[in-house]
Amino acid sequence: MFPVGQKMKSDSKYDYIIVGSGFFGAICAYELNKAGKKVVVLEKRDHVGGNVYTEEVNGVHIHKYGPHIFHTNDKHIWDWINQFAEFNNFRYNPIANYKGEMYNLPFNMHTFYQMWKLNTPDDVKAHIESQRFKGEITNLEEQALSLVGKDIYEKLIKGYTEKQWRKPATELPASIIKRLPVRFTWDNNYYFDKYQGIPIGGYTQIFDKLLDGIKVYKNCDYLENKEYWNNLTNKVIYTGPIDAYFDYQFGDLEYKSVDWETKKFDSENYQGCAGINYTDIEVPYTRTIEHKWFDDQNQKETYVSWEYPQEYSRGVEPFYPVNDSENNKKYLDYKKLSEGNTNVIFGGRLAEYKYYDMHQVIASALNTVKNLVD
């Protein structure tokens, strides 16, 4: 699709065409524009911000693609992002619901007391040790059993994970569960990072400021007219799926995807916290998110979203790469192709087939631009 039904003049050349307006694309656009480069951004969706996009509805900032809590130990990245918005001091303290039994997350002394009525770290460690998997770890199930033992795994990990990834835990890579915090303190804070929060007023304002003064074409699919756009520049920064860029010539990469259903309630408080994970396999959704707890909590109404796992196929929004051995091997074939394409820079979660937290993708984008303009 061409922007607004019109083609651009053939002599309208750009230093960089940037495909995608999530963090990687928007930051590259901002920094390159600041360095005096002529850039244009092509966005397939009808809004900027990628999966971090928030929509204001009656004073509540709804995280349209799931909750995003900014957290980092890198003061440089924290200071950099704070120039675009003031952040609150939100701390993520989710709850797990297993068949009506409620447990604190992440796994900590509160969780262990709720599970076993044990109240000292030594007793908990001994109990976990008696249940731990002690063999060679080859998959997610074995990794989880080695971390927290059988009881926690069966009630709080197995069903949730298999719903989320739509695969048996024995077929998932161990690396996924390594991101899960486990601690032997009475601390419900999900993240350890020194700097944490959510921008007051939502994330979208950040992207509006990053892209201020830069031409952005929304509802514009670069891949549908790749040759046309490539003729308008000598350099493309591409943040979409790498397999789609190369027309799936090595086959489709696999992604985790989700769908959201959001409802309004004429209540000040629906569930009492931002996030509840539903960990038994029988419940079709993985979690519920009450958005008002992320920001201003004074509204007399509330909005709640239900997260449903969705089978990924072409045309479905890709969220997280499934970095098992088969997909990683396929990605390396695409990566080798990309390295021979010197006019295109592949960056971000989808183009690099890599999980990034927000602070990591910001650092990657800033480093990419530094290498381009130095």
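Residues numbered from 1 in each chain as written. Predicted model: local features only at pLDDT ≥ 70, side-chain atom pairs only at ≥ 80, totals over all residues. Heavy atoms only, no water.

1. Regarding the sheet that holds strand β14 (residues 302–310)
Quick note on the threshold: Here, strands pair whenever DSSP counts at least two bridges between them. Numbering of helices and strands runs from the N terminus, with a helix taken as a DSSP run of H or I at least four residues long and a strand as a DSSP run of E at least two residues long. Pairs of residues are marked as contacts when any of their non-hydrogen atoms sit within 4.5 Å. Angles here are taken between N-to-C directions and fall from 0 to 180 degrees, while the axes themselves are lines fitted to C-alpha atoms, restricted in helices to the stretch in contact.
The strand order across the open sheet formed by seven strands is β7-β6-β12-β13-β14-β11-β15, and the pairing between neighbours is mixed. One side of each edge strand has no neighbouring strand; the edge strands of this open sheet are β7 (101–104) and β15 (320–321). Summarising the sheet, strand β11 (residues 255–265) and β15 pair through two bridges and their orientation is antiparallel. Across the sheet, residue Y255 finds its bridge partner in β15, namely P321. Its contacts with the sheet place helix α5 (residues 140–165) against β6 (95–98), β7, β11, β12 (275–278), β13 (287–290), β14 and β15, and it is angled at close to 90° to β6.

2. With respect to unusual backbone geometry
Note that the residue after L105, namely P106, is joined by a cis bond; omega there is -5°. The topology assignment puts P106 in the loop between β7 and α3 (109–116). Non-glycine residue R166 carries a positive phi angle of around 60°. For R166, the position within the fold is in the loop between α5 and β8 (195–197).

3. As for the layout of surface pockets
For clarity, the cut-off: For each structure, a 1 Å grid was placed over the protein atoms alone; sets of points admitting a 1.4 Å probe that cannot get out are labelled cavities, open sets with protein on both sides within 12 Å along at least five of seven lines are labelled pockets, and lining residues have an atom within 4 Å of a point. Grid points are joined across faces, edges and corners, and a volume is the space filled by probe spheres set on the points. Each residue is assigned to one of three groups, with Ala, Val, Leu, Ile, Met, Phe, Trp, Tyr, Cys and Pro labelled nonpolar, Asp, Glu, Lys and Arg labelled charged, and all others, Gly among them, labelled polar.
In this structure, the second largest pocket encloses a volume near 180 Å³. K64, Y65, V258, D259 and W260 are, among the 15 residues lining the second largest pocket, the residues nearest its centre. Looking at which element gives the most residues to the lining of the second largest pocket, the answer is β11, with five residues. By residue class, the composition of the lining of the second largest pocket is six nonpolar, six polar and three charged.

4. Notes on the packing of aromatic side chains
Stated precisely, the cut-off is as follows: Between rings of Phe, Tyr and Trp, where Trp is taken as its six-membered ring, a pair exists when centres lie within 6.5 Å; planes separated by under 30 degrees are stacked, by over 60 edge-to-face, and by other angles tilted. Note on criteria: charge over ring means Lys NZ or Arg CZ within 6 Å of the ring centre, with the direction from the centre no more than 35 degrees off the ring normal.
Summed over all chains, the structure comprises 36 aromatic pairs. Here the aromatic cluster, defined as three or more aromatic residues joined through ring pairs, consists of Y222, Y238, Y245, F246, F250, Y334 and F346. Above the plane of the ring of F192 lies R183, whose end atom (NZ or CZ) is 4.0 Å from the centre. Its end group placed over the ring of W165, K256 keeps NZ or CZ at 5.6 Å from the ring centre.

5. Re the environment of A363
Position of A363 relative to the elements: it lies in helix α10 (residues 358–373). Once the C-alpha coordinates of A363 and Q83 are considered, the two residues, 280 residues apart in sequence, prove to be 15 Å apart.

6. Points about the pattern of salt bridges
Definition in use: By salt bridge we mean one thing: a side-chain nitrogen of Lys or Arg within 4 Å of a carboxyl oxygen of Asp or Glu. The cut-offs for exposure are 20% and 50% of the maximum accessible area for each residue type, with area from a 1.4 Å probe on protein chains only; residues under the lower value are buried, those over the upper are exposed, and the others partly exposed.
What the rule picks out here adds up to 21 salt bridges. We note a salt bridge from E141 to K158, for which the minimum N-O separation is 4.0 Å. Given a relative accessible area of 26%, K158 falls into the partly exposed group. Each of E129, R132 and K134 takes part in one network of salt bridges that share partners.

7. Re the packing of α3 against α5
We count it as follows: In these notes the angle categories are as follows: under 35 degrees is roughly parallel, over 145 is roughly antiparallel, 65 to 115 is roughly perpendicular, and the rest is oblique.
Where α3 contacts α5, the two axes come as close as 12 Å, and the packing angle between them is 85°. In terms of axis orientation, α3 runs roughly perpendicular to α5. Between α3, through T111, F112, M115 and W116, and α5, the contact on the second element is made entirely by V148, D151, I152, K155 and L156. Grouping the amino acids of the contact of α3 with α5 by side-chain chemistry returns six nonpolar, one polar and two charged.

So yeah, pure geometry; function would need other evidence.
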